[in-house]
Amino acid sequence: MSRTTIRDLQDRYESGEPITMLTAYDAPIARQVDAGGVDVILVGDSAGDNHMGYDDTLPVTLEEALSNTAAVSRTVEDAMVIGDLPFLSYGTSIAESVENAGRFMKEAGADAVKLETAPYGETTIEIVDRCTELGIPVQGHIGYTPQRTNAIGGAFVQGKDRDVSAGTEALVDTAEELEAAGAFSIVLETVSEAAAKAVTEAVDVPTIGIGAGRYVDGQVLVINDVLGLGGESYKLSRQYADLDSEVRGAVEQYVADVESGDFPAAENAFDPIEE
Ligand code: KIV
């Protein structure tokens, strides 16, 4: 069976079924996320702080993002795999942006790419246009865009008509421009519920929310937050497991077993010596 396509997502959207999306950054987790039945796996640049030990997403390099995407893509059978263009791997020139986006498909086996767009971000909208014309499906990402944290001055809720926030009109206009440029879907991150609803009603492609409330077409969460892996999680997330405790407990038990002589036992040895 082939992986989920943009056509499948559009069909799902038109039939009113919510779209599910989670991040994954490596093969073992991606295998379980895929088997769990999500529609889309995003190999997000959130790998920076959730997988690679950086403080945030900004240091993630193109080569690192490609490597994470390839690991996920080699494993996933059913879900669509989206590679996330890291900070400054796009936008400096159209040619370089398109080439870098293309590497996610040619080298890393992604089905599509995602990029972040500032309110009325002309450059990124043009990149979406070029990529889709050339056959690279693009998911847009508006609202709070972590790659612009330093330029915004913090992680502020968007759609609230304040200085630090793009107003609803700006979000709607930008979403419409992304749709016109060919984006097959748009992520809305950390957006007031009213603004997310306005965007969702304005466009005819699925909106996928994270911290965007209930009136969107699908949801995305960071897998570490869902699994309770790696400490502090996104404020509006929901945790479904406590892997930090599970992993710590397993390691402590292993240490105790080796130190007490309980491991290895005869069944853990080749041709064990009869005692
Ligand atoms: O990188 C990421 O994980 C993302 C999601 C939060 C949408 O962009």
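The sections below set out a description of the structure shown in this document. (Residues numbered from 1 in each chain as written. Predicted model: local features only at pLDDT ≥ 70, side-chain atom pairs only at ≥ 80, totals over all residues. Heavy atoms only, no water.)

**Describing the overall build of the protein chain**
Per the secondary structure count, the protein chain includes eleven helices and eight strands. The C-alpha atoms of the protein chain give 21 Å as radius of gyration, which agrees with the globular expectation for 275 residues (19 Å, within 12%). Dimensions of the protein chain along its principal axes, counting C-alpha atoms only, are 80 × 40 × 40 Å. Among the 275 residues that make up the protein chain, the fraction classed as buried is 49%. For the protein chain, the share of sequence-separated contacts (at least 6 apart) that also reach a separation of at least 24 residues comes to 60%. (Helix = DSSP H or I, 4+ residues; strand = E, 2+ residues; numbered from the N terminus. Rg over C-alpha atoms; globule rule 2.2 N^0.38 Å. Buried < 20%, exposed > 50% of the residue type's maximum accessible area, 1.4 Å probe, protein only. Contact = heavy atoms within 4.5 Å.)

**Here's the deal with the pattern of salt bridges**
For the structure shown, the criterion picks out eleven salt bridges. For Asp11, the salt bridge identified is with Arg7, shortest N-O distance 3.3 Å. Separated by four residues within a single helix, Asp11 and Arg7 lie in helix 1 (residues 6–14), roughly one turn from each other. For Glu107, the salt bridge is made with Arg103, and the minimal N-O distance between the two is 2.8 Å. Via salt bridges that share partners, Arg12, Glu17 and Asp39 belong to a single interconnected network. (Salt bridge = Lys/Arg side-chain N within 4 Å of Asp/Glu carboxyl O.)

**Regarding the site of the ligand**
Residues in close proximity to the ligand include Thr23, Leu42, Gly44, Asp45, Ser46, Asp84, Lys114, His141, Val187, Glu189 and Ile210, which together make up its full environment. Asp45 has a polar side-chain atom sitting 2.9 Å from an oxygen atom of the ligand. A distance of 3.0 Å separates an oxygen atom of the ligand from a polar side-chain atom of Lys114. Burial of the ligand by the protein chains amounts to 95% of its free accessible area of 260 Å². Broken down by class, the residue content of the shell around the ligand amounts to three nonpolar, four polar and four charged. (Near = heavy atom within 4 Å. Polar contact = N/O pair within 3.5 Å; in protein donor to acceptor, adjacent residues only side chain to side chain. Areas by Shrake-Rupley, 256 points an atom, 1.4 Å probe, with all protein chains shown as cover. Nonpolar A, V, L, I, M, F, W, Y, C, P; charged D, E, K, R; others polar.)

**Considering helix 1**
Taken together, the buried positions of helix 1 are Leu9, Gln10 and Tyr13. For helix 1, the arc enclosing every buried residue in end-on projection is 100°, short of the 170-degree limit, so these residues lie on one face. Where helix 1 is buried, its residues meet strand 1 (19–23), strand 2 (40–43) and strand 3 (80–84). (Arc of directions from axis to C-beta.)

**Some details on the side chain of Thr124**
Summarising the element assignment, Thr124 is placed in helix 6 (residues 122–134). Taking the relative accessible area as the measure of exposure, Thr124 reaches 10% and is therefore buried. Looking at Thr124, its side chain comes within polar contact range of the main-chain oxygen of Gly121, at 3.1 Å.

Everything listed here is a matter of geometry and, on its own, says nothing about what the molecule does.
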